[in-house]
Amino acid sequence: MIKVLQYSFYDLIRSRWSYVYFLFYLVLGFALLFLNNSVAKSVITLMNIIIVLTPMIGTIFGVMYFYSSREFTELLLAQPIKRTTIFIGQYLGVSLSLMLSLVIGLGIPFMFYGLWQSAEMANFGLLLLSGSFLTLIFVALAYNIALSNDNKIKGFGYAILVWLFMAVIYDGMFLISLIIFEDYPLDKFTLIATMFNPIDLSRILILLKLDISALLGYTGAIFQKFFGTHAGIFSSLLVLVIWTIIPVYFIARKASKKDF
Amino acid sequence: MKQFRFVLGIFIGALLLSLPAAAVTTEVCATCAVKSVKDAVLQASPYDTILVRGGTYLENNIIIDKPLVLLGENAPVIDGQYLAGIVEIKSDSVTLRGFVLQNVGLSYTQDFAAIHIGNSDYFVIADNVLKDVFFGIYVQKSDYGLIHQNTISSQAVEEFNSGNGIHIWHCKNITVTGNHLSRLRDGIYLEFVEESLITDNISTNNIRYGLHFMFSNHDDYYDNVFINNGAGVAVMFSKFINMKRNKFLRNWGTASFGLLLKEIYDAEIEQNLFEENTIGVNIEGTNRINYKNNRFVGNGWAVKFTGGCYANIFTGNDFLSNSFDVSYNTKMNDNLFDHNYWSSYAGYDLDKDGIGDVPYRPVKLFSYIVNRTPETIILLRSLFIDILNFSEKVSPVFTPDDLLDTSPSMKIIND
């Protein structure tokens, strides 16, 4: 598996898109820190970008890589290697190269501006962590889609739809249901509904860390109680881990049954 | 007859001249003839001076029923041992200066205070340190007083068993300046107080309000600082108030305000700073108020209207990085926003006159939704909400369409 991972990884970090992605974050990081004097404000702006962009790039890149490396995959399948090894290796290769672009691309400018001494280090770390999780989750979802659709156009369509659903439509439905059921106590419902969307979950995780907690706490102390404590953060991270493991498990299952 | 009048004049003159000379200074200390403040007050005649030397005096319920000047030298400590109030002033023209008063008793039926002033005009309370008090300075029905540079603190934890720092009730022409108030219920509490001046006070970490203002007209408060109070500052049911150059900082919590205004008419609010409050200014039923040159920085809600507000004018204010600049719960608008600076303004200025060419809409659709269903705040900063706000900005449906700043400034106005 390590061999396959290595191959995919090196293949990708040599490709132009990885560099573009890396340079984008690099420029973004420098520009934000240059324009906003405060690191705290930059972290908020970055969060807005990361929670939209990392899932999108993850899904598109995942689908794209799967389809473009199809011939090589078929070649590998002819070898005496386990199928799960091949697909999980590829998946990890893609995710790791994307995560690397994100972490290094944003890490360099922040290090350059002396972030290690600032109090925002923990928030920035959490931002990178949730960005990495979002990459892992959405690349896995993309792989699932690509595995079950041989038609490239359909595959891309579904992948974009999944991203659109998680980033926009889900929140719309969430909002409408909150307004419809406004006469009922909604604290628990809200809490559970955020768990079902990794984008929402990472957004709230970061928002609470960035001291917007008092705005949330204005309505119900339950968010504060849940997300504000260490236990809350750990259980949210646990949910993100579960969100990663389940699609990866489905990759493995689908890959071992698929007829090529 | 003329001569008689002249003699009478001289006689009265001499009498008047001899009056100050008649005032005696009594000293109180551990080794003096008079060993307690209470005895000194009993023995003194009106207009005497009592000089209390450094040391600790275990006394409470000191009743001052004649005009006296009490001076503390080297900060003498009067310890109430948590039994009752410490000093009670029942006469006009009493001065109390330079004492440390500590450990006032707690009561659920009586308002024990370190200094209680009732029906006594022309008092001066200055340079005292009041520690561990129930009520600090309690003034009722007394006019023309000065409360100056006192430090008042307590250990308040809950509202029901704590008192206010400076509590003024039914008074006129009181000046409260340069006091430092911390960890009380309300820092300064005013009820039915007219024509008074509150300046340069610092009120921090109080469990309810830094300043609490009720039914008090024609008052001014300038240059005060309110930091990290449980619920900020509340001004209610009052007319003709001037609030200038105050700072409202870090009143951050689930039910906190920088400034809470309820039923206020004809006030001037100028050059104040509202920074990092959950709600900068919460406005309810307030009419004809001018907000000029204030700064709103990093608040959750900079200005939140909660109903019945007419003819308020906002000009020359800076709104910087607030989660919501203005929140409104109706479609009707009778308030004017003009020539303010909004950090989230995205317009342009082609003719370079420093005023944006496109009007700015300070009310976002999302703030309207949050007003209706508070739980939706969980969707703050999500992409869907940004799209929603954008579409509402293009064609307002839910938010008042005449609520806009037609000439938003391109540059920060108050630095």
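Preceding block: the structure.
Rules behind the numbers
- Residues numbered from 1 in each chain as written.
- Chains lettered and ligands numbered in written order.
- Predicted model: local features only at pLDDT ≥ 70, side-chain atom pairs only at ≥ 80, totals over all residues.
- Heavy atoms only, no water.
- Patch = residues over 30% accessible without salt bridge, like charges linked within 9 Å, V, L, I, M, F, W, Y side chains within 5 Å.
- Areas by Shrake-Rupley, 256 points an atom, 1.4 Å probe, with all protein chains shown as cover.
- Salt bridge = Lys/Arg side-chain N within 4 Å of Asp/Glu carboxyl O.
- Helix = DSSP H or I, 4+ residues; strand = E, 2+ residues; numbered from the N terminus.
- Disulfide = S-S within 2.5 Å.
- Buried < 20%, exposed > 50% of the residue type's maximum accessible area, 1.4 Å probe, protein only.
- Pairing = 2+ DSSP bridges.
- Axes fitted to C-alpha atoms, helices over the stretch in contact; angles between N-to-C directions.
- Contact = heavy atoms within 4.5 Å.
- Expected span 1.5 Å × (residues − 1).
- Arc of directions from axis to C-beta.
- Phe/Tyr/Trp six-rings, centres within 6.5 Å; stacked < 30°, edge-to-face > 60°.
- Core = buried A, V, L, I, M, F, W, Y, C linked by side-chain atoms within 4.5 Å.
- Parallel < 35°, antiparallel > 145°, perpendicular 65-115°, else oblique.
- Left-handed = near helix turned anticlockwise from the far one by under 90°.
- Nonpolar A, V, L, I, M, F, W, Y, C, P; charged D, E, K, R; others polar.
- Buried area = accessible area lost by both parts, 1.4 Å probe.
- Polar contact = N/O pair within 3.5 Å; in protein donor to acceptor, adjacent residues only side chain to side chain.

Visitor: Can you walk me through a nonpolar patch on the surface in this structure?
Guide: On the surface, a cluster of nonpolar side chains totalling about 520 Å² of accessible area is made up of Tyr 158, Leu 161, Leu 164, Phe 165, Ile 169 and Met 173 of chain A. Position of Tyr 158 of chain A relative to the elements: it lies in helix 7 (residues 152-180).

Visitor: I would appreciate a short explanation of the state of the cysteines in the present structure.
Guide: All names here are of chain B. Taken as a whole, this structure holds one disulfide over all chains when the rule is applied. Note that Cys 29 is cross-linked by a disulfide to Cys 32, the S-S spacing being 1.9 Å. Its S-S torsion of approximately 100° makes the covalent link between Cys 29 and Cys 32 right-handed. Each member of the pair, Cys 29 together with Cys 32, is buried.

Visitor: For this particular structure, what's the right way to read unusual backbone geometry?
Guide: With the exception of glycine, most residues fall at negative phi, and the peptide bonds are largely trans. Residue and element names in this part refer to chain B. At Asn 74, a position not held by glycine, the phi torsion is positive, near 55°. Structurally, Asn 74 can be placed in the loop between strand 5 (69-72) and strand 6 (77-79). Of note, Phe 240 is a non-glycine position whose phi angle comes to about 50°, a positive value. Mapped onto the elements of the fold, Phe 240 is located in the loop between strand 25 (232-239) and strand 26 (242-244).

Visitor: What am I meant to see in the sheet that holds strand 37 (residues 324-327) of chain B here?
Guide: Picture the strands of a sheet paired through backbone hydrogen bonds; they go either parallel or antiparallel. All names here are of chain B. With respect to topology, 12 strands assemble into an open sheet ordered 4-7-10-13-16-19-22-25-28-31-34-37, the strand pairing being parallel. Only two strands of the sheet have a single partner each, and these edge strands are strand 4 (62-64) and strand 37. Ignoring which end each strand starts from, the neighbouring axes of this sheet average 10° apart. Where strand 13 (residues 135-140) lies against strand 16 (residues 166-172), four bridges are found, and the strand directions are parallel. Across the sheet, Gln 140 pairs through a bridge with Trp 169, a residue of strand 16. Helix-sheet contacts for helix 3 (residues 365-372) involve strand 34 (301-305) and strand 37, and the interaxial angle to strand 37 is about 60°.

Visitor: How do you make sense of helix 4 (residues 383-394) of chain B when you look at a structure like this?
Guide: Each α-helix winds once per 3.6 residues, and so residues spaced three or four apart point in a common direction. With 12 residues, helix 4 of chain B extends 17 Å from end C-alpha to end C-alpha; this agrees with the ideal 16 Å at 1.5 Å per step. When helix 4 of chain B is considered as a whole, its buried residues turn out to be Phe 384, Ile 385, Leu 388, Asn 389 and Glu 392 of chain B. The buried residues of helix 4 of chain B occupy one face: seen down the axis, they fall within an arc of 135°. Seen from the buried face of helix 4 of chain B, the exposed residues on the opposite side, beyond 90 degrees, are Phe 390 and Val 394 of chain B. Buried-residue contacts for helix 4 of chain B involve helix 7 of chain A together with helix 3 of chain B.

Visitor: How do you make sense of the packing of aromatic side chains when you look at a structure like this?
Guide: What characterises a pair of aromatic rings is the spacing of the ring centres plus the angle enclosed by the ring planes. Residues and elements named next belong to chain B. Under the defined criterion, the tally for this structure stands at 38 aromatic pairs over all chains. Ring centres of Phe 135 and Tyr 138 lie 5.2 Å apart, and the angle between their planes is 75°; this geometry places the pair in the edge-to-face category. When its relative accessible area of 4% is taken as the criterion, Phe 135 is described as buried. Seen from their ring centres, Tyr 291 and Phe 314 are 4.1 Å apart, and the 0° between their planes marks the pair as stacked. Here Tyr 291, found in strand 32 (residues 290-292), pairs with Phe 314, found in strand 35 (residues 313-315); they are 23 residues apart in sequence, far enough to count as distant. Taken as a pair, Tyr 291 and Phe 314 share a single burial class, namely buried.

Visitor: Explain the nonpolar core here, please?
Guide: A general feature of soluble globular proteins is that nonpolar side chains tend to end up buried together. Core analysis: the biggest nonpolar cluster contains 100 residues, and Leu 46, Val 94, Leu 106, Leu 127, Phe 227 and Ile 251 of chain A together with Phe 366 of chain B have the highest contact counts within it. Of the residues forming this core, the biggest block, 17 residues, is contributed by helix 6 (residues 121-148) of chain A. With near-sequence residues (within four places) excluded, Ile 251 of chain A lies in contact with Phe 87, Ile 88, Tyr 91, Ala 140, Tyr 143, Asn 144 and Leu 147 of chain A. By size, the runner-up hydrophobic cluster in this structure holds 86 residues, among which are Ile 152, Leu 181, Leu 190 and Ile 198 of chain B.

Visitor: Is there a simple way to think about the packing of helix 2 (residues 16-35) of chain A against helix 5 (residues 83-112) of chain A in this case?
Guide: Axis angle and axis distance: for two packed helices, these are the angle between their axes and the distance between the axes, and together they describe the pair. Residues and elements named next belong to chain A. The interhelical angle for the contact between helix 2 and helix 5, taken along N-to-C directions, is 25°, at an axis separation of 8 Å. With respect to helix 5, the element helix 2 is oriented roughly parallel. Helix 2 and helix 5 meet at a crossing whose hand is right-handed. Across the interface between the two elements, Ser 18, Tyr 21, Phe 22, Tyr 25, Leu 26, Gly 29, Phe 30 and Leu 33 of helix 2 pack against Ser 97, Leu 98, Ser 101, Leu 102, Ile 104, Gly 105, Leu 106, Ile 108, Pro 109, Phe 110 and Phe 112 of helix 5. Residue composition of the contact of helix 2 with helix 5, by class: 14 nonpolar, five polar and no charged.

Visitor: Any chance you could explain the interface of chain B and chain A here in plain terms?
Guide: When the parts of a complex come together, some accessible area is lost, and that lost area is often taken as the interface size. Contact residues are listed per partner, giving 27 residues for chain B and 32 residues for chain A. Regarding the contact of chain B and chain A, the summed buried area is about 2,700 Å², with carbon and sulfur atoms giving 73% of it. When the area that chain B buries against chain A is broken down by residue, the three leading residues are Glu 375, Ile 378 and Arg 381 of chain B, summing to 27%. We note a salt bridge from Arg 372 of chain B to Glu 182 of chain A, for which the minimum N-O separation is 3.4 Å. There are five residue pairs in polar contact (both at pLDDT 80 or more) connecting chain B and chain A. Mapped onto the side of chain B that touches chain A, the elements with two or more residues apiece are strand 34, helix 3 and helix 4 of chain B. With five residues, the single largest contributor to the side of chain B that touches chain A is helix 4 of chain B.

Visitor: Before we go on, may I ask you to explain the pattern of salt bridges in this structure?
Guide: For side chains of opposite charge, pairing can occur when their charged atoms come near one another. Taken as a whole and judged by the stated rule, the model has 14 salt bridges over all chains. A salt bridge links Glu 27 of chain B to Arg 53 of chain B; its shortest N-O distance comes to 2.8 Å. Separated by 26 residues along the polypeptide, Glu 27 of chain B in strand 1 (residues 25-28) and Arg 53 of chain B in the loop between strand 2 (49-52) and strand 3 (56-58) bring together distant segments of the chain. Look at Arg 53 of chain B and you get partly exposed, because its relative accessible area is 25%. In this structure, Asp 223 of chain B and Arg 245 of chain B form a salt bridge, with 3.0 Å as the shortest nitrogen-oxygen distance. Of this pair, Asp 223 of chain B sits in the loop between strand 23 (220-222) and strand 24 (225-227) while Arg 245 of chain B sits in the loop between strand 26 and strand 27 (247-249), and the two are 22 residues apart along the sequence. Asp 223 of chain B sits in the partly exposed class, given a relative accessible area of 28%. Residues participating in the shared-partner salt-bridge network are Arg 70, Glu 74, Asp 150 and Lys 258 of chain A.

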